[in-house]
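Chain by chain, the residues:
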Amino acid sequence: MSAPFVPADQAQRDRIRGALDETLFVEAGAGTGKTTSLVDRVVGLVSRGRTTLDRIAAITFTEAAASELGDRVREALENAAGDPTLGDAERQRCRKGVGDLDQASIQTLHSFAADLL
């Protein structure tokens, strides 16, 4: 039996997921796991009470990517809200996050800039 696959950039993926006190800019090619890493980060921030969705900005380049990211954040928060391995407070924060998802700035760079104006 072979060892499980570990990406060469696993340390960076772990940093995206776990370094919740840092502001990060993530840039990588298509299909490399950016969306998964960002979803994990958003759920971590919300579930651990580090922030609320109205204070999160996740900026992408295309409408399709922004839509997919929002859908995947919603799904991950819903899953975390029912995850028995999380504490009651974490699950409650995730349930609140599902309801507050429309307050997050998960959008394209252009639409984010337009909102600022």
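These numbers were taken from a predicted model, which means no experiment stands behind them.

Moving on, we get to the overall build of the chain. From N to C terminus, the chain includes five helices and two strands. Compactness check: the chain gives a C-alpha radius of gyration of 15 Å against a globular reference of 13 Å for 117 residues, within 12% of the reference. Judged by the C-alpha coordinates and their principal axes, the chain covers about 55 × 35 × 25 Å. Per-residue burial over the chain gives 31% buried out of 117 residues. Considering only residue pairs separated by 6 or more positions, the chain has 60% of its internal contacts joining residues 24 or more positions apart.

Once that is clear, we can look at the side chain of threonine 51. Mapped onto the elements, threonine 51 comes out in the loop between α2 (34–47) and β1 (57–60). We classify threonine 51 as buried; its relative accessible area is 18%. In this view, threonine 51 contacts Leu45, Val46 and Ile56; residues no more than four positions away in its chain are not counted.

Here helix α3 (residues 63–81) contains 19 residues, and its C-alpha end-to-end distance of 27 Å stays within 8% of the 27 Å for a straight helix at 1.5 Å per residue. The set of residues buried in α3 consists of Ala66, Leu69, Gly70, Val73, Ala76, Leu77, Ala80 and Ala81. The buried residues of α3 occupy one face: seen down the axis, they fall within an arc of 135 degrees. Away from its buried face, by an angle of more than 90 degrees, α3 presents the exposed residues Ala64 and Asn79. Buried positions along α3 lie against α2, β1, α4 (88–100) and β2 (105–108).

Rules used throughout
Residues numbered from 1 in each chain as written. Predicted model: local features only at pLDDT ≥ 70, side-chain atom pairs only at ≥ 80, totals over all residues. Heavy atoms only, no water. Helix = DSSP H or I, 4+ residues; strand = E, 2+ residues; numbered from the N terminus. Rg over C-alpha atoms; globule rule 2.2 N^0.38 Å. Buried < 20%, exposed > 50% of the residue type's maximum accessible area, 1.4 Å probe, protein only. Contact = heavy atoms within 4.5 Å. Expected span 1.5 Å × (residues − 1). Arc of directions from axis to C-beta.

Just distances and angles here, no functional claims.
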